[in-house]
Amino acid sequence: MRVTFVHRRAWGMALALVLSCALLPLAVHADGLVADPDEGDAERAMLEFHREYTAGVMQALAAGTGPRGLAYAAMLDDRDRAWRRLAVPGPEATGWRARALKQAGEDTVALSLLAAATHAPTGAEAAMRWRELEPDNLVPLLYAGLAPDDLRAAAARATTGRTHTIEQLRWHVDAVRRVPPDVAIRAVREGADAGLPDALAVVEGWATLSGASLPLQPLMQACSGAGARGGVVADECARIAQTLQAADTRLLEGIGYRLAIESAGDPVAHERAQVERRRFDWQMSELGRWSAGRADEGLDSHIALLLDPALDSEGAIHRAQLREAGIPLDPPADWRSR
């Protein structure tokens, strides 16, 4: 089996994970790529390849890329242990996170990586430091453990919704370029395309970061039926919805459209929110259709746009891909969400 097939196939799985975000329940948690006993030899070989690749990346990042590398390596270790049905976190990951927290200082990218590990003892402290550094950011509030009503009031005062996922991915690609694990070097020498390390870094990055827990349930509970409840609740949830619609991941953007519908207090506002959600659904649907029809499943385009510093969110990257493909951002009048 060619290595090129392996990393393209993995991208399809990672892309499917990302595109499914709009349809996910209120909290997100993925266990990574887990082999099914009924899967064929190709799938099992792909998983083994990526386990080997991940192990090389993990050790390289932990050895010499500072607090971000330590935090990211710990996430990779968690994923590997989940593959092997072991409890997380492991002792090595726990040590890496402790060192990362000591070194992180005001690095919000490193702190956001640490905060996502809610099962780890360092997660709460990292989230607290992240909130202090970015008091206007709604995302670190999600890790504060607030009661739903208190969370709603605090989130309504936020003006941004940044997970720093795009910065995390760009850092990961750059780090892998500088400290490529032996497995990636061997793969290139065996005849895969020269862009393989970047491709694997992006594929593994999305799979790892999409698997991190994001505690959205209390916020969704706080805004359930907000439009019918009216008053302060509806106003606060409408502001939260607006903030999330401009967030840096499609998951949070999609949650923002759902909250806009929940907080609509009259038919006009409800229809406007439905139109905006329909546009979002169209873009996600068309990106999936376009990607499925390409030999590379859209990977090369995605990498190029991901590394473009002018694009600061997953939504911006997706919209740029659609424009490049000649696909309109607005749906036809007769298109309906499934």
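Residues numbered from 1 in each chain as written. Predicted model: local features only at pLDDT ≥ 70, side-chain atom pairs only at ≥ 80, totals over all residues. Heavy atoms only, no water.

Trainee: Lay out the packing of aromatic side chains with the relevant residues and their values.
Mentor: Taken as a whole, this structure holds four aromatic pairs when the rule is applied. With 6.3 Å between their ring centres and 35° between their planes, Trp130 and Tyr143 make a pair best called tilted. With Trp130 in helix H6 (residues 123-133) and Tyr143 in the loop between H6 and helix H7 (148-156), this pair connects stretches of sequence that are 13 residues apart. Tyr143 carries the same exposure label as Trp130, and that label is buried. When the centroid spacing of 5.4 Å and the interplanar angle of 80° are considered together, the rings of Trp282 and Trp335 count as edge-to-face. Here the residue Trp282 occupies a position in helix H15 (residues 267-292), and Trp335 occupies one in the segment after helix H17 (314-324), the gap between them amounting to 53 residues. Neither residue differs from the other here; Trp282 and Trp335 are each classed as buried. (Phe/Tyr/Trp six-rings, centres within 6.5 Å; stacked < 30°, edge-to-face > 60°. Helix = DSSP H or I, 4+ residues; strand = E, 2+ residues; numbered from the N terminus. Buried < 20%, exposed > 50% of the residue type's maximum accessible area, 1.4 Å probe, protein only.)

Trainee: Run through the environment of Arg162, naming residues and quoting values.
Mentor: Mapped onto the secondary structure, Arg162 falls in the loop between H7 and helix H8 (165-178). Not counting residues up to four positions away in its chain, the partners in contact with Arg162 are Trp130, Asn137, Val139, Glu167, Asp248 and Asp312. One polar contact links the side chain of Arg162 to the main-chain carbonyl oxygen of Asp312, over a distance of 2.9 Å. (Contact = heavy atoms within 4.5 Å. Polar contact = N/O pair within 3.5 Å; in protein donor to acceptor, adjacent residues only side chain to side chain.)

Trainee: Talk me through the state of the cysteines; I want residue IDs and the actual numbers.
Mentor: Throughout the structure, instances matching the rule amount to one disulfide. Covalently, Cys223 is tied to Cys237 through a disulfide, its sulfur atoms 2.1 Å apart. Judged by the sign of its S-S torsion, about -95°, the cystine formed by Cys223 and Cys237 is left-handed. With Cys223 in the loop between helix H11 (217-222) and helix H12 (226-229) and Cys237 in helix H13 (residues 231-245), this residue pair connects regions lying 14 residues apart in the sequence. For the pair Cys223 and Cys237, one class covers both residues: buried. (Disulfide = S-S within 2.5 Å.)

Trainee: Kindly report on H8, identifying the contributing residues and their values.
Mentor: With 14 residues, H8 extends 20 Å between its outermost C-alpha atoms, agreeing within 8% with the 20 Å of an ideal straight helix rising 1.5 Å per residue. By the criterion of burial, H8 is predominantly enclosed, with ten of the 14 residues buried. Along H8, the residues that are buried comprise Thr165, Ile166, Gln168, Leu169, Arg170, Trp171, His172, Val173, Ala175 and Val176. (Expected span 1.5 Å × (residues − 1).)

Trainee: Give a detailed account of helix H5 (residues 108-115), specifying residues and quantitative values.
Mentor: The buried fraction of H5 amounts to eight of the eight residues, a majority that puts the element mostly inside the structure. Every buried residue belonging to H5 is among Thr108, Val109, Ala110, Leu111, Ser112, Leu113, Leu114 and Ala115, and all of these are buried. For H5, the N-terminal cap is Asp107; the gap from its side-chain oxygen to the backbone nitrogen of Val109 is 3.1 Å.

Trainee: Outline the nonpolar core, supporting the account with residue identities and numerical values.
Mentor: Leu138, Tyr143, Leu214, Leu219, Ile240, Leu244 and Leu259 are the most contacted members of the largest nonpolar core, which totals 77 residues. If sequence neighbours within four positions are ignored, Leu219 has contacts with Leu138, Leu142, Leu151, Ala155, Ile240, Leu244 and Leu259. (Core = buried A, V, L, I, M, F, W, Y, C linked by side-chain atoms within 4.5 Å.)

Trainee: Can you lay out the pattern of salt bridges for me, pointing to particular residues and giving the numbers?
Mentor: Applying the stated criterion to the full structure yields 15 salt bridges. Arg162 serves as the salt-bridge partner of Asp248, at 4.0 Å between the closest nitrogen and oxygen. Here the residue Asp248 occupies a position in the loop between H13 and helix H14 (250-263), and Arg162 occupies one in the loop between H7 and H8, the gap between them amounting to 86 residues. Given the relative accessible area of 22%, Arg162 is considered partly exposed. Linking Asp174 and Arg178 is a salt bridge whose minimum nitrogen-to-oxygen distance equals 3.0 Å. Of this pair, Asp174 and Arg178 both sit in helix H8, four residues apart, which is roughly one turn of that helix. In this structure Asp174 comes out as partly exposed when scored by relative accessible area, which is 34%. Overlapping salt bridges bring together Asp149, Arg152 and Glu236 as one network. (Salt bridge = Lys/Arg side-chain N within 4 Å of Asp/Glu carboxyl O.)

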